[in-house]
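Examination of the molecular architecture
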Amino acid sequence: MKHKRSWGVRTFAVAFRARGILFAECGARVAIVALPAMAAAALQVRLVPATAATTSSSSSSCSNRASSRSVSVPCIRRDGASVFGSVARFETRQEVRRVVSRGGVRALAGEVQAEGKDGRGCRVIHGRCFVVGDNIDTDQIIPAEYLTLVPSKPEEYEKLGSYAMIGLPEEWGKFIEEGKMKTEYKVIIGGDNFGCGSSREHAPVALGAAGCRAVVAETYARIFFRNSVATGELYPVETLGKIWEENHTGDIVTLDMEKDVLVNHTTGKTYNLKPIGEAGPVIDAGGIFSYARSTGMIASPAQ
Amino acid sequence: MRAQVQSIRDRERTARVVVCRSFRSVEAECSGAAIAVCCAATSGAGLAAMATVAHHAAFSPALRDGSSVASGSEFYGSRVSVAAAPKTSVAPVQRNMRVRAVMAPPQRQERSPASTGAVKHAMTATEKILANASEKTKLTPGENVWVKADVLMTHDVCGPGTIGIFKKEFGQNAKVWDREKIVLIPDHYIFTSDERANRNVDILRDFAHEQDIKYFYDITDRSNFRANPDYKGVCHVALAQEGHCRPGEVLFGTDSHTCNAGAFGQFATGIGNTDAGFIMGTGKLLLKVPPTLRFVLDGEMPKHLLAKDLILQIIGEISVAGATYRAMEFVGTAVEAMTMEDRMTLCNMVVEAGGKNGVVPADATTAKYLEGKTSKPYQVFTSDGNASFLREYRFDVSKLEPVVAKPHSPDNRGLARECKDVKIDRVYIGSCTGGKTEDFIAAAELLAISGQKVKVPTFLVPATQKVWMDLYSLPVPGTDGKTCAEIFEQAGCDTPASPSCAACLGGPRDTYARMNDPQVCVSTTNRNFPGRMGHKEGQIYLASPYTAAASALTGFVTDPREFL
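Conventions adopted
- Residues numbered from 1 in each chain as written.
- Chains lettered and ligands numbered in written order.
- Predicted model: local features only at pLDDT ≥ 70, side-chain atom pairs only at ≥ 80, totals over all residues.
- Heavy atoms only, no water.
- Helix = DSSP H or I, 4+ residues; strand = E, 2+ residues; numbered from the N terminus.
- Buried < 20%, exposed > 50% of the residue type's maximum accessible area, 1.4 Å probe, protein only.
- Contact = heavy atoms within 4.5 Å.
- Areas by Shrake-Rupley, 256 points an atom, 1.4 Å probe, with all protein chains shown as cover.
- Core = buried A, V, L, I, M, F, W, Y, C linked by side-chain atoms within 4.5 Å.
- Pairing = 2+ DSSP bridges.
- Polar contact = N/O pair within 3.5 Å; in protein donor to acceptor, adjacent residues only side chain to side chain.
- Expected span 1.5 Å × (residues − 1).
- Phe/Tyr/Trp six-rings, centres within 6.5 Å; stacked < 30°, edge-to-face > 60°.
- UniProt positions renumbered as here; feature names shortened; annotations may be inferred.
- Axes fitted to C-alpha atoms, helices over the stretch in contact; angles between N-to-C directions.
- Parallel < 35°, antiparallel > 145°, perpendicular 65-115°, else oblique.
- Left-handed = near helix turned anticlockwise from the far one by under 90°.
- Nonpolar A, V, L, I, M, F, W, Y, C, P; charged D, E, K, R; others polar.
- Domains from an automatic or database assignment.
- Buried area = accessible area lost by both parts, 1.4 Å probe.
- Salt bridge = Lys/Arg side-chain N within 4 Å of Asp/Glu carboxyl O.

**A few points about the overall build of chain B**
- When you go through chain B residue by residue, the secondary structure sums to 17 helices and 21 strands.
- Relative to its 564 residues, chain B shows a buried fraction of 65%.
- In chain B, of all internal contacts separated by at least 6 residues, the share reaching a separation of at least 24 is 72%.
- Carbon and sulfur atoms form 48% of the exposed surface of chain B, whose accessible area is close to 19800 Å².

**Side note on the overall build of chain A**
- Regarding its fold elements, chain A presents nine helices and 13 strands.
- The buried share among the 303 residues of chain A stands at 61%.
- The long-range fraction of contacts in chain A, counting pairs at least 24 apart against all pairs at least 6 apart in sequence, stands at 62%.
- In the structure as shown, chain A presents an accessible area of about 11200 Å², 50% of it carried by carbon and sulfur atoms.

**Comments concerning the nonpolar core**
- Counting residues in hydrophobic clusters, the biggest one holds 68 residues, and the most contacted among them are A:M165, A:F175, A:I188, A:F194, A:L207 and A:L255.
- Of the residues forming this core, the biggest block, six residues, is contributed by helix α6 (residues 202-210) of chain A.
- Aside from chain neighbours lying at most four places away, what touches A:I188 is A:F130, A:V132, A:M165, A:F175, A:F194, A:L207, A:C212, A:A214, A:V215 and A:V216.
- Grouped together as the second largest cluster of nonpolar side chains are 63 residues, B:C235, B:A268, B:I315 and B:I318 included.

**A few points about the sheet that holds strand β8 (residues 215-216) of chain B**
All names here are of chain B.
- One open sheet holds the five strands; their spatial order is β8-β7-β6-β9-β10, and the pairing between them is parallel. On the outer flanks of this sheet lie β8 and β10 (267-270), each paired with one strand and no other.
- With three bridges connecting them, strand β6 (residues 151-154) and strand β9 (residues 250-253) associate as parallel partners. Looking at the pairing, M153 lines up with G253 of β9.

**Focus on the side chain of A:D256**
All names here are of chain A.
- Looking at the element boundaries, D256 is found in strand β11 (residues 252-256).
- In this structure the side chain of D256 is engaged in a polar contact, spanning 3.0 Å, whose partner is the backbone nitrogen of K259.
- If near-sequence neighbours (up to four positions away) are discounted, D256 is found in contact with R123, V124 and V261.

**Quick word on helix α9 (residues 307-318) of chain B**
Residue and element names in this part refer to chain B.
- Under the 1.5 Å per step criterion, the end-to-end length of α9 is 17 Å for twelve residues, consistent within 8% with the ideal 16 Å.
- In terms of residue burial, α9 counts as a mostly covered element, since ten of its twelve residues are buried.
- In the segment just after α9, S319 is the residue with positive phi, at about 80°.

**A short note on the packing of aromatic side chains**
- Per the counting criterion, the structure on display carries 22 aromatic pairs over all chains.
- A ring pair is formed by A:F289 and B:F278, whose centres lie 6.0 Å apart and whose planes are at 45°; its orientation type is tilted. Taken together, the residues span two chains, with A:F289 in helix α9 (residues 288-294) and B:F278 in helix α8 (residues 273-282). The exposure classification of A:F289 matches that of B:F278, with both residues buried.
- Aromatic rings pair up to connect A:F289, B:W146, B:F166, B:F170, B:F207 and B:F278 into one cluster.

**Some details on the pairing of strand β12 (residues 292-298) of chain B**
All names here are of chain B.
- Of all seven residues that make up β12, six are buried, and the element is covered over most of its length.
- The pairing of β12 with strand β15 (residues 391-396) spans six bridges and is parallel. The residue of β15 that forms the bridge with L293 is R391.

**Regarding the environment of B:W146**
Residues and elements named next belong to chain B.
- Examined against the element boundaries, W146 turns out to sit in strand β5 (residues 144-148).
- Among the residues examined, W146 registers a relative accessible area of 3% and is labelled buried.
- Between the alpha carbons of W146 and L287 there is a distance of 6.3 Å; along the sequence they are 141 residues apart.

**Digging into the UniProt feature "domain: Aconitase A/isopropylmalate dehydratase small subunit swivel" (unreviewed entry) in chain A**
- Within the UniProt annotation, "domain: Aconitase A/isopropylmalate dehydratase small subunit swivel" (unreviewed entry) is assigned to residues 186-234 of chain A.
- Helix makes up 39% of residues 186-234 of chain A and strand makes up 16%, while its end C-alpha atoms are separated by 10 Å.

**Here's the deal with the side chain of B:N273**
- Within the secondary structure layout, B:N273 lies in helix α8.
- Since its relative accessible area comes to 1%, B:N273 is described here as buried.
- Those residues in contact with B:N273, other than ones at most four positions away along the chain, are A:P151, A:E201, A:H202, B:C158, B:G161, B:T162 and B:I165.

**Thoughts on the packing of helix α5 (residues 159-170) of chain B against α8(B)**
All names here are of chain B.
- Closest axis-to-axis distance for the α5/α8 pair is 8 Å, and the angle between their directions is 55°. It follows that α5 is oblique to α8 by the angle criterion. Crossing of α5 over α8 shows right-handed handedness. Judged by residue contacts, G161, T162, I163, I165, F166 and F170 of α5 engage N273, T274, A276, G277, F278, M280, G281 and T282 from α8.
- Considering only residue class, the contact of α5 with α8 consists of seven nonpolar, seven polar and no charged.

**Observations regarding the domain arrangement of chain B**
Residue and element names in this part refer to chain B.
- Taken domain by domain, chain B consists of domain 1 (97-106 + 122-140 + 291-399) and domain 2 (404-562).
- Relative placement of domain 1 and domain 2: their C-alpha centres are 27 Å apart.
- Facing 21 residues of domain 1, the contacting portion of domain 2 comprises 26 residues.
- For the pair domain 1 and domain 2, the summed buried area comes to about 1800 Å², and 57% of that belongs to carbon and sulfur atoms.
- For the interface between domain 1 and domain 2, the tally reads two salt bridges.
- Across the pair E317 and R413 runs a salt bridge whose closest N-O atoms are separated by 3.0 Å.
- For the pair domain 1 and domain 2, the number of links is twelve residue pairs in polar contact (both at pLDDT 80 or more).

This is the structure:
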């Protein structure tokens with residue numbers, strides 16, 4: 001594990017370790033470092049701790065510490081440029097752990113590829129957006145001929161992802177580049193009645209498998225909304241008005257579900273959003289069953 | 001065993017959810033805005049079920065809105081009372097699972113809603129059905145309730161995924177909650193050489209054998225559907241024909257057109273694999289009670305008008321999102337005069353308006369249809385006279401004209417006669433929406449009256465084996481005893497194909513009648529979004545069987561009054 005000393009300040013305490021990412025806490029400065037696989041993408045993050053740092057070498061002892069503290073995390077990109085002025089605030093260490101443990105920090109930076117579950121479970125999503133209009137139905141999201149793929153089988157899950165949005169008319173552009181399995185677009189911006197039509201759960205699954213993390217649309221069809229939450233594949237966020245016409249595919253956006261805003265860095269516009277509400281924790285956890293397990297409600301592990 | 005209490009902190013609200021686990025049913029004292037959820041079982045299923053209480057508010061945007069705290073409080077403030085016990089256990093513990101969620105000390109449930117004489121609280125049919133299924137005396141729209149499933153249906157496209165989730169979450173050796181309440185119906189991608197599609201039917205079969213599922217309508221010989229005595233065809237029509245649809249019950253299916261069964265005066269809605277996997281293990285689902293939109297269809301149906309015209313009219317009126325999260329109830333003299341198949345056509349396309357479920361009150365027509373199909377007793381729930389509906393729409397059907405839904409949306413309504421210059425390349429008569437016996441009889445009637453031959457390829461796909469047999473045996477009124485099949489042959493239509501969903505949704509490349517080129521098609525199916533029947537640039541006009549037959553005869557979109 002590579003350690004990067006930042007600004008000459010000694011790092012001396014490890015708050016906790018989360019999957020693939022070591023979170024070191026010290027005084028006023030902190031270094032987030034990554035496993036060798038992504039060592040080149042280390043980020044510099046500053047923590048403003050209220051209490052003394054703690055030493056820990058395992059995540060379990062960290063998660064037991066439910067002390068409440070306010071942690072602000074301004075984000076600095078790999079190239080050193082400051083991404084934006086907003087900060088992500090975490091109320092408890094548990095929340096930070098949850099965010100970080102799921103590669104959330106990667107999402108803060110936007111360009112770091114984390115190992116393990118690819119940036120899921122993070123309430124702040126940064127990256128390029130893909131823009132569509134009203135009534136994008138599930139046949140367009142995943143045409144029927146691909147429904148022979150069974151989402152609960154890992155190889156077929158991946159394949160499903162590679163076909164996400166392949167049914168869209170040409171006018172919207174390509175969601176996934178020719179020959180690729182994943183999309184470069186983390187956020188979809190849509191209009192009314194997103195996900196209408198067939199009840200196929202393959203639709204939110206394909207989008208999630210492709211690497212999309214959230215949809216920001218005016219309204220949703222109910223089965224698609226319900227499936228997104230139950231599977232934990234996508235955050236279905238609602239806007240407070242029609243916004244898709246002002247955004248363009250490829251724009252760099254930040255979707256902040258802590259502050260309920262969508263910031264388009266390319267156009268400079270900010271949009272208020274409806275809170276993700278109760279759907280949030282379920283999707284954070286990875287769906288209804290994972291949620292039940294992570295909150296201790298199901299004792300038995302998944303098979 | 002000591003109750004273990006976990007508190008889940010909710011940043012957005014002050015309400016708290018307190019979860020206790022206990023081997024015995026414990027009624028915890030709950031204050032103000034807290035819900036105590038107690039599970040008297042160690043089974044993961046029960047606990048998972050209770051876990052979703054906390055998050056279910058997420059299933060509707062209305063509750064997520066920070067400003068509608070009122071509805072959130074309703075959820076937290078309401079009694080969530082779930083009594084007993086699916087018989088089938090979840091591995092590894094074999095015991096009756098008694099699940100109870102209480103807000104305040106529970107009140108005795110004295111009698112089921114249906115038997116109450118005086119109406120203490122006016123409810124719509126949908127509210128009554130859900131109240132009965134959740135064992136509550138009254139429900140109001142917006143409430144979240146645990147509902148017992150009477151039937152869970154799945155098919156070859158979503159079944160394997162559902163089974164995968166069930167096994168992963170409940171255990172490789174888990175047993176379904178009730179082997180008699182699951183109906184496995186392969187129907188989507190059957191007559192194809194696609195290996196994965198064929199494998200998916202095999203997955204259903206393996207599961208059916210392993211779980212001893214009572215109702216599995218298997219097909220093994222794909223070259224000849226008639227060699228498969230168990231095989232039925234399109235799931236929604238099969239459910240009706242095989243007696244799985246009964247008034248007052250709750251039916252879930254992994255297919256959006258499950259709402260078709262609302263024609264029987266039951267609550268029927270489509271769900272995804274994850275929800276279905278959950279039901280497979282527990283027999284229950286958490287639902288939010290929908291408010292009801294009422295559609296009063298009065299008057300005498302003109303002879304050129306069919307139920308399909310009515311539902312296209314309605315969808316065109318309220319748009320594809322006009323009924324999102326709502327129940328659609330169809331009443332009125334025109335509905336009362338309808339056959340069960342007409343009512344199914346109405347309810348089938350409820351989802352095209354975004355609707356959660358459709359309902360036609362059960363009556364003598366329903367009872368007659370059910371004779372010989374089911375011996376299970378059922379309850380009839382009808383809306384109270386003073387029930388509140390979100391909105392009421394009134395139609396005088398005698399004044400309506402045949403309509404089509406133009407590309408590319410089911411709500412892109414247009415009068416059939418105004419589309420007479422639209423040249424078409426093919427006609428498709430089939431699907432759960434428009435492939436039932438009466439749909440074919442209607443088409444055959446029109447073709448027989450005209451005496452002409454069709455000008456474009458006309459594909460006929462009976463929904464089920466029974467429909468197929470009707471085509472070859474039932475006499476068409478007014479034709480001197482000719483059968484549909486004879487009339488279709490004389491008119492130059494394609495031979496009726498093997499019953500399945502076929503090209504309604506495109507499917508694998510070799511699917512019968514799939515649109516592989518950018519053509520214009522008039523079809524009796526339910527959706528016309530881009531690419532629905534195969535080719536992205538295909539243009540689909542949704543229509544009634546009369547309109548489809550008339551269009552086949554002219555080669556243009558045609559109002560059936562040209563012939564009738």
